[in-house]
Amino acid sequence: VPGRIYEVNASPMPGGGAVAVLHDVTRIEEVERTQKDFVANVSHELRTPLTSITGYVETLLDHEAGISPQGREFLGTILKNATRMNRLTEDLLVMARVEAATVELSPAPVPADLLVREAVAGMKGLVQENEGVLEIGTITDCQVFADHDAVMQVLSNLIENAIKYGQPKAGGGTRVVISAREVAAPYDAVEFSVRDFGQGIASEHLNRIFERFYRVDKTRSRESGGTGLGLSIVRHMVQAQGGTIRAESELGEGSCFLFTLPKALYPVH
Ligand code: ADP
């Protein structure tokens, strides 16, 4: 029927021919779209009042006189929570845009080592703060066909997680190694990996960490400013560029996040 959306399942019949089953998913698609629009609109509407709250609290804290130490402490708590809400609304907006495929991606050939070096350079501050060590592992001389900014966001997010959550139990920082190699299956691609040597992720959590709002340790994630949306955005950004992402981990040994991007067929020199 014109204007309706169908999901098609086709299977071959023995002796020739095929059976096709059509499911009308128009209603499901409509509900999903309404939900996504709602999230995007709410996040957008929350931004203005939040900016106002943050601004006024910061101004009050800048004033030396007239505020008791307890008042100052309360203002500090308000600021911390408003900042957290700001981060959450920002992440929700990015998420809604990525899901609605309205993020403009401009793929172009770009050398893998250039992407890794740039991402590593951008994380220097966080690494020093957390006593971590960032290392560039083996990087094959190859180019991907991808959107530079989107890949930068993916790599930065994975490195940030490795630094934040990959800390060994004994304390101190973790070592993080970023590598890239060419793979032939399931298609000509470049596989990037971000490996840490921290506490690792238990198998019951491993296949759920890419879900929205999923956090292994809620308190820890909240303390470090996490919203539980990071990996979900990362997965969308990788998939939107024709790639795949997975995580491997062993408790006490560390974790490794691996994602692929299509190899550039016509590399630039
Ligand atoms: P968050 O905003 O909480 O950082 P993410 O979606 O980025 O959310 O990650 C989801 C959860 O996966 C985190 O809260 C953390 O518990 C776990 N996680 C992510 N990366 C790692 C890692 N490298 N080592 C251990 N745990 C991790």
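- Looking at an unreviewed UniProt entry, one finds the chain named histidine kinase and attributed to Granulicella tundricola.
- Here the chain is described in UniProt, under the heading Subcellular location (unreviewed entry), as follows: "Cell membrane".
- Taken verbatim from the UniProt record of the chain, the Catalytic activity (unreviewed entry) comment is "ATP + protein L-histidine = ADP + protein N-phospho-L-histidine."

1. A word on the nonpolar core
Part 1 of the reasoning: Ile-178, Phe-192, Ile-209 and Phe-259 are the most contacted members of the largest nonpolar core, which totals 47 residues.
Part 2 of the reasoning: At nine residues, helix α5 (residues 148-165) tops the list of elements feeding residues into this core.
Part 3 of the reasoning: If near-sequence neighbours (up to four positions away) are discounted, Ile-178 is found in contact with Val-116, Val-120, Leu-134, Glu-135, Ile-136, Gly-137, Leu-155, Ile-159, Ser-193 and Val-194.

2. As for the packing of aromatic side chains
Part 1 of the reasoning: Tallied over the full model, the rule gives two aromatic pairs.
Part 2 of the reasoning: Centroid distance Phe-192 to Phe-259: 5.1 Å. Interplanar angle 10°. Geometry classified as stacked. You can see Phe-192 sitting in strand β7 (residues 189-196) and its partner Phe-259 sitting in strand β9 (residues 254-262), a full 67 residues away along the chain.
Part 3 of the reasoning: Judged by relative accessible area, Phe-192 falls into the buried class, the value being 0%.
Part 4 of the reasoning: Using a relative accessible area of 1% as the deciding quantity, one classes Phe-259 as buried.
Part 5 of the reasoning: Between the aromatic rings of Phe-210 and Phe-257, the centroid separation amounts to 6.2 Å while the plane-to-plane angle is 70°, which identifies the pairing as edge-to-face. In this pair, Phe-210 is assigned in the loop between α6 (203-206) and α7 (218-223) and Phe-257 in strand β9, connecting sequence segments 47 residues apart.

3. As for the environment of Gly-125
Part 1 of the reasoning: By the secondary structure assignment, Gly-125 is in helix α4 (residues 124-129).
Part 2 of the reasoning: A relative accessible area of 42% places Gly-125 in the partly exposed class.
Part 3 of the reasoning: Taking C-alpha positions, Gly-125 is 51 Å from Asn-9, a pair spaced 116 residues apart along the chain.

About the cut-offs
Residues numbered from 1 in each chain as written. Predicted model: local features only at pLDDT ≥ 70, side-chain atom pairs only at ≥ 80, totals over all residues. Heavy atoms only, no water. UniProt positions renumbered as here; feature names shortened; annotations may be inferred. Core = buried A, V, L, I, M, F, W, Y, C linked by side-chain atoms within 4.5 Å. Buried < 20%, exposed > 50% of the residue type's maximum accessible area, 1.4 Å probe, protein only. Helix = DSSP H or I, 4+ residues; strand = E, 2+ residues; numbered from the N terminus. Contact = heavy atoms within 4.5 Å. Phe/Tyr/Trp six-rings, centres within 6.5 Å; stacked < 30°, edge-to-face > 60°.

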